[in-house]
Amino acid sequence: MAAALPLSPVSQQLCRRSSRFFWYNAMSPRFCSPVFSVSSPCCIGSASLLRARHPLISSAASTTDYLLHDVGATVAVLGGAYALVLLFESLTKRDVIPQRLSRKLVHILSGLLFVLSWPIFSASTESRYFAAFVPLVNGLRLVVNGLSVSPNSTLIKSVTREGRPEELLKGPLFYVLALLLASLLFWRDSPTGMISLAMMCGGDGIADIMGRKYGSYKIPYNPRKSLAGSISMFIFGSFISIGLLYYYSSLGYLHMNWETTFTRVALVSMVATLVESLPITDQIDDNVSVPLATILAAYLSFGY
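To keep things clear, this report deals only with the structure shown in the data block. What you see is a predicted model; the values in this text were computed from it and never measured.

On to unusual backbone geometry, then. Its identity as a non-glycine residue notwithstanding, Asp 95 has a phi of 60 degrees, on the positive side. What makes Asp 95 exposed here is its relative accessible area of 66%.

The structure is reproduced here in structure tokens:
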């Protein structure tokens, strides 16, 4: 049944008269346009017009759904990030784990959990901006504390080497900036961003832990780095990278050629490990050099 639009009084009288003779005279004049009439000569409502409006209504509804979805996902991920930091702040404050280990565990887990959370955001092209809001907020928090505007002593202890507020403006800030750029530039359909974060968060983080525990043999060209740390970075960085690629492939975001993927990941991990081992830490932070080197190597290897 077509939707009926209101008629003017003159049109109503004309339609009544024409309808009265409609069944007796097929040639009787009809004052209701057949273009707008579907089941009755006096129905000017346009079903086609309503159908034409449906895509706009559907699009608006989809946009609203995406928006609400991404806002909810952002709140959830941001809450999880705060909960993780608060957990290690509490453990450090209670002397359950040493400050150095707390800092590295935050370094490893926060970035990797952030990457793993990307699929909970919507399929909207703008969803990456909502995800990027999480490291942006954390970055602002680091800036506020690093400038001693509102210092949080437990936060400073859990993510810095020496417990000084200004340290937040170096490695930790570069770290969240890497998360931010990976979200905006690469997102879920590029292995480059995933591998860069896998090497920075997992590979470099585990390298420091293993190097301090088993790092008696130092690298000849850099006595501050150990052979055990570099080997751990290569192995764990490669495994974590493969795990992330498989995770996103199983969800349909990536389509990998697994016959060559292992070799490519190994090459990229080797480049990142070599860059991390160089004696350039005083000039450029590992949270800058490792992701940049990994992005370049991964992009040349995978092409996107």
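Its boundaries defined by the atoms lining it, the second largest pocket holds a volume of some 200 Å³. As for the second largest pocket, its lining consists of 14 residues, of which Leu 177, Ala 178, Leu 181, Pro 291 and Leu 292 are closest to the centre. For the lining of the second largest pocket, the secondary structure elements donating two or more residues are helix H6 (171–185), helix H7 (191–214) and helix H10 (286–302). For the lining of the second largest pocket, the element with the highest residue contribution is H6, accounting for 6 residues.

The next point concerns the side chain of Thr 294. Mapped onto the elements, Thr 294 comes out in helix H10. Classification of Thr 294 as buried rests on a relative accessible area of 0%. If near-sequence neighbours (up to four positions away) are discounted, Thr 294 is found in contact with Ile 195, Ser 196, Met 199, Val 268 and Ala 272.

Attention now moves to the packing of aromatic side chains. For the structure on display, the rule yields 8 aromatic pairs. Where Trp 118 meets Trp 187, the ring centres are 5.0 Å apart and the plane angle is 45 degrees; that geometry is what we call tilted. Within this pair, whereas Trp 118 is found in the loop between helix H3 (99–116) and helix H4 (127–146), its partner Trp 187 is found in the loop between H6 and H7, the two being separated by 69 residues in sequence. Note on accessibility: Trp 118 and Trp 187 belong to one class, buried.

Rules used in this analysis
Residues numbered from 1 in each chain as written. Predicted model: local features only at pLDDT ≥ 70, side-chain atom pairs only at ≥ 80, totals over all residues. Heavy atoms only, no water. Buried < 20%, exposed > 50% of the residue type's maximum accessible area, 1.4 Å probe, protein only. 1 Å grid on protein atoms, 1.4 Å probe; cavity = no way out; pocket = protein on both sides within 12 Å on 5 of 7 lines; lining within 4 Å. Points joined across faces, edges and corners; volume = space filled by probe spheres on them. Helix = DSSP H or I, 4+ residues; strand = E, 2+ residues; numbered from the N terminus. Contact = heavy atoms within 4.5 Å. Phe/Tyr/Trp six-rings, centres within 6.5 Å; stacked < 30°, edge-to-face > 60°.

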